[in-house]
Amino acid sequence: MSALSTAGSPHPSASYLGDLILVLVQKEMKVRYKNSWLGYAWSVANPLVFTAVYSVALGIFLRLQIPGYPYPLFLIAGQFPWQWLSTSVGAAPMMFINNASLIKKVRFPRNILVASGVLSDAIHFLLTIPVITLAVLWYGFRPSWIWLPGVPLLAVAQFLTVYGVALAIASVNVYFRDLERITAIFLQVLFFLTPIVYPVASIPPQYQVWIQLNPIAPLISAWQGLFLDGSLNGSVVLAAYAYGLACLAIGSILYRALSPRFAELV
Amino acid sequence: MNAIRLDHVSKAYPRHQYLTHGLKQTLLHLPDLVRRMRADRFLALNEVSLEVEQGEAVAIVGPNGAGKSTMLGLIAGVIRPETGTVEIRGRVAPLLELGAGFHFDLTGRENIVLNAVLMGMTRREVARRFDAIVAFSGLEAVLDEPLRTYSSGMVARLGFSVAAHLDPDILLIDEILAVGDASFQQKCLARIAELQQSGKTIVLVTHDLHAMEQWCDEAIWLNAGTIRQRGLPVTVAKAYREELLREGDMVKHKDPSDERAAPSTQPAPSSRME
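Residues numbered from 1 in each chain as written. Chains lettered and ligands numbered in written order. Predicted model: local features only at pLDDT ≥ 70, side-chain atom pairs only at ≥ 80, totals over all residues.

## Observations regarding the overall build of chain B
Summing up its helical and strand segments, chain B has 9 helices and 9 strands in all. For chain B, buried positions account for 39% of its 274 residues. Of all intrachain contacts in chain B linking residues separated by at least 6 positions in sequence, the fraction that spans at least 24 positions is 75%. (Helix = DSSP H or I, 4+ residues; strand = E, 2+ residues; numbered from the N terminus. Buried ≥ 20, exposed ≤ 12 C-beta atoms within 10 Å, placed from the backbone. Contact = placed C-beta atoms within 7 Å.)

## Quick notes on the overall build of chain A
Helix and strand content of chain A: 12 helices and 1 strand. Each helix (α) and strand (β) of chain A, taken in turn from the N terminus, gives the series β-α-α-α-α-α-α-α-α-α-α-α-α. Here the C-alpha radius of gyration of chain A, 20 Å, is about what a compact globule of 266 residues would show, namely 18 Å. Principal-axis analysis of the C-alpha atoms places the extent of chain A at approximately 65 × 45 × 35 Å. Per-residue burial for chain A yields a buried fraction of 41% across its 266 residues. Contacts in chain A between residues far apart in sequence, at least 24 positions, make up 78% of those at least 6 positions apart. (Rg over C-alpha atoms; globule rule 2.2 N^0.38 Å.)

## Some points on the interface of chain A and chain B
With 29 residues of chain A at the contact, the number on the chain B side is 33 residues. Elements that contribute at least two residues to the side of chain A that touches chain B include exactly β1 (4-6), α1 (14-32), α4 (100-105) and α12 (262-265) of chain A. Here the element with the most residues in the side of chain A that touches chain B is α1 of chain A; it accounts for 8 residues.

## A few points about the packing of helix α7 (residues 147-175) of chain A against helix α11 (residues 234-258) of chain A
All names here are of chain A. Taken N-terminus to C-terminus, the directions of α7 and α11 make an angle of 25°; their axes are 7 Å apart at the nearest point. As the angle between them shows, α7 and α11 are arranged roughly parallel. Once α7 is placed against α11, the crossing between them reads as left-handed. Grouping the constituent residues of the contact of α7 with α11 by class yields 22 nonpolar, 6 polar and no charged. (Axes fitted to C-alpha atoms, helices over the stretch in contact; angles between N-to-C directions. Parallel < 35°, antiparallel > 145°, perpendicular 65-115°, else oblique. Left-handed = near helix turned anticlockwise from the far one by under 90°. Nonpolar A, V, L, I, M, F, W, Y, C, P; charged D, E, K, R; others polar.)

## A short note on the environment of I66 of chain A
Residues and elements named next belong to chain A. Mapping I66 onto the fold places it in the loop between α2 (41-61) and α3 (71-91). The class for I66 is partly exposed, based on 17 C-beta atoms found within 10 Å. For the pair formed by I66 and P199, sequence separation is 133 residues and the distance between their alpha carbons is 7.2 Å. Residue contacts for I66: discarding those within four places in its chain leaves Y71, F74 and P199.

## Brief notes about unusual backbone geometry
In the Ramachandran plot, R63 of chain A falls in the positive-phi region, its phi being about 55° despite a non-glycine side chain. Tracing the backbone shows R63 of chain A in the loop between α2 and α3. Given 8 C-beta atoms within 10 Å, R63 of chain A falls into the exposed group. Positive phi outside glycine occurs at E47 of chain B, with the angle close to 50°. Among the secondary structure elements, E47 of chain B is positioned in strand β2 (residues 41-53).

## Regarding the nonpolar core
Ranked by internal contacts, the top residues of the largest apolar core, which has 134 residues, are A166 of chain A together with I75, M119 and L172 of chain B. Ranked by the residues each element gives to this core, the list is headed by α7 of chain A, at 14 residues. (Core = buried A, V, L, I, M, F, W, Y, C linked by C-beta atoms within 7 Å.)

## Comments concerning the confidence of the model for chain B
Residues and elements named next belong to chain B. Per-chain confidence: chain B averages 82 in pLDDT, with 81% of residues scoring 70 or above. By mean pLDDT, helix α1 (residues 23-28) is the weakest element of chain B at 69, and helix α5 (residues 123-137) is the strongest at 94. Confidence drops under pLDDT 50 across residues 256-274; counting only partners more than four residues distant or on other chains, this segment forms 13 contacts. (pLDDT = per-residue confidence, 0-100.)

## Concerning the packing of α3 of chain A against helix α6 (residues 129-138) of chain A
All names here are of chain A. Where α3 meets α6, the axes come as close as 10 Å, and the angle between the chain directions of the two elements is 165°. Put simply, α3 runs roughly antiparallel to α6. In this structure, α3 crosses over α6, and the sense of that crossing is left-handed. Facing L73, I76 and F80 of α3, the residues of α6 in contact are I132, A135 and V136. A class-by-class count of the residues in the contact of α3 with α6 yields 6 nonpolar, no polar and no charged.

## Topic: the pairing of strand β1 (residues 2-14) of chain B
All names here are of chain B. Where β1 meets β2, 9 bridges bridge the pair, whose relative direction is antiparallel. Considered in β2, the bridge of L6 is made with L50. Bridge count between β1 and strand β4 (residues 83-89): 5 bridges; the pairing is antiparallel. When the bridges of β4 are listed, S10 appears paired with T83. (Pairing = 2+ DSSP bridges.)

## A word on helix α3 (residues 68-76) of chain B
All names here are of chain B. Counting buried residues along α3, 9 of its 9 residues qualify, which places the element largely inside the surrounding structure. Considered for burial, the residues of α3 that qualify are K68, S69, T70, M71, L72, G73, L74, I75 and A76. Backbone geometry just downstream of α3 places G77 in the positive-phi region, at approximately 85°.

Quick look at the structure:
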């Protein structure tokens, strides 16, 4: 029963890891809106306000038009998944540092802290899908049956991407605290380099190739296709998964290399 | 059988945090900085070897900065040794920090589950021991109130109650017995004695030499990263007390009215990992 274990390399059982993730996600979910009166409405309010602002500024004032869709609906399809990514990545720099007392004292797989943070943001995103559905119906479109397999398929791809990026940022930030500021700017830049407020088709041909280098561009395009057309483009989904696995690999490598000293530096 | 084995373990920390001097300073003095960071390391533990038998209660004493907390961190598995090996047999319960991961917006009930799982229990194990934990804490009446309404003594009681029911093979205790009121302290000591009798290995970091003599099998005196003395608690306590008295005498013999006295050249005690 008491097997020899070398300190510092925990290999806990899968059922224990499951419990750990569950308990931490429950905590995140309970804590987030515990002291706020509007509660869940905040998960929806943030992307809706941005949708309204861009609808007015770009849709009405700049007269931006998307062939085939009302501009606010197009914004919603990209804005809600983006909200998940930006919340998780924005919180990533502090994910280990805010748990310093835990990391210094208790031996447990620390990447679980990042996984549960990203997972609770994922659940908040999934809880906003009824609002997306209402918006689709409001503009006279129809939700599709493809959503049923499509939403989990894309959510998994997005989880791999966001978890990988968040793990990398959280790990490096323990050593290099400036990354917190850099991440905030990086998110601003990434938002405008991703086809969220404009469609991929409107990008001039000479820049198209650059947009494909953006690891989250295929992901957002896939969500837009799913919510607006009820379609899943195989090559776009494949690209989203390829980028997701690449992010996961980079995050895992950095975490493995940097985590042994976390307890000394957080 | 050994529960804990440290074999020529050394651990050093850089004195300077990485890149905390600002960009300009860093760039201007880069080669110098790298050289300094390499050389200027604080040796928290120096080639320490130690074996603790299963079922033994060991006390670690020593001044601040002697390496006590580093040693507990190594046994808990949160710190990796620079050189040497650390082998642990069985589940370690770190009583290093009571209530690790408590969230003050959650209720006492929610925090018991959260803390117990973070300390290594599965949810099934928590469910089985939940009533015992609550009964031990004596906090039934406020169990569904948020933790921020608790007094600090109550929070500590909840933390100890969870830790005391972890059913570990090895308990690491870092000077926590100054927790709660007198009757709860008695309860803590009784629980630790009970765990000790049931064959658990206990490592206790303490400044309370009396407690050490009373219920430890062995004592280790750490000083400046090495084991200065190891033996029966009574013997080690006697030697340690004499050393403390000698230091006390030296302080007393300095004339405090002499204003020209050179400032103390003693290095400030390092507080890393404490």
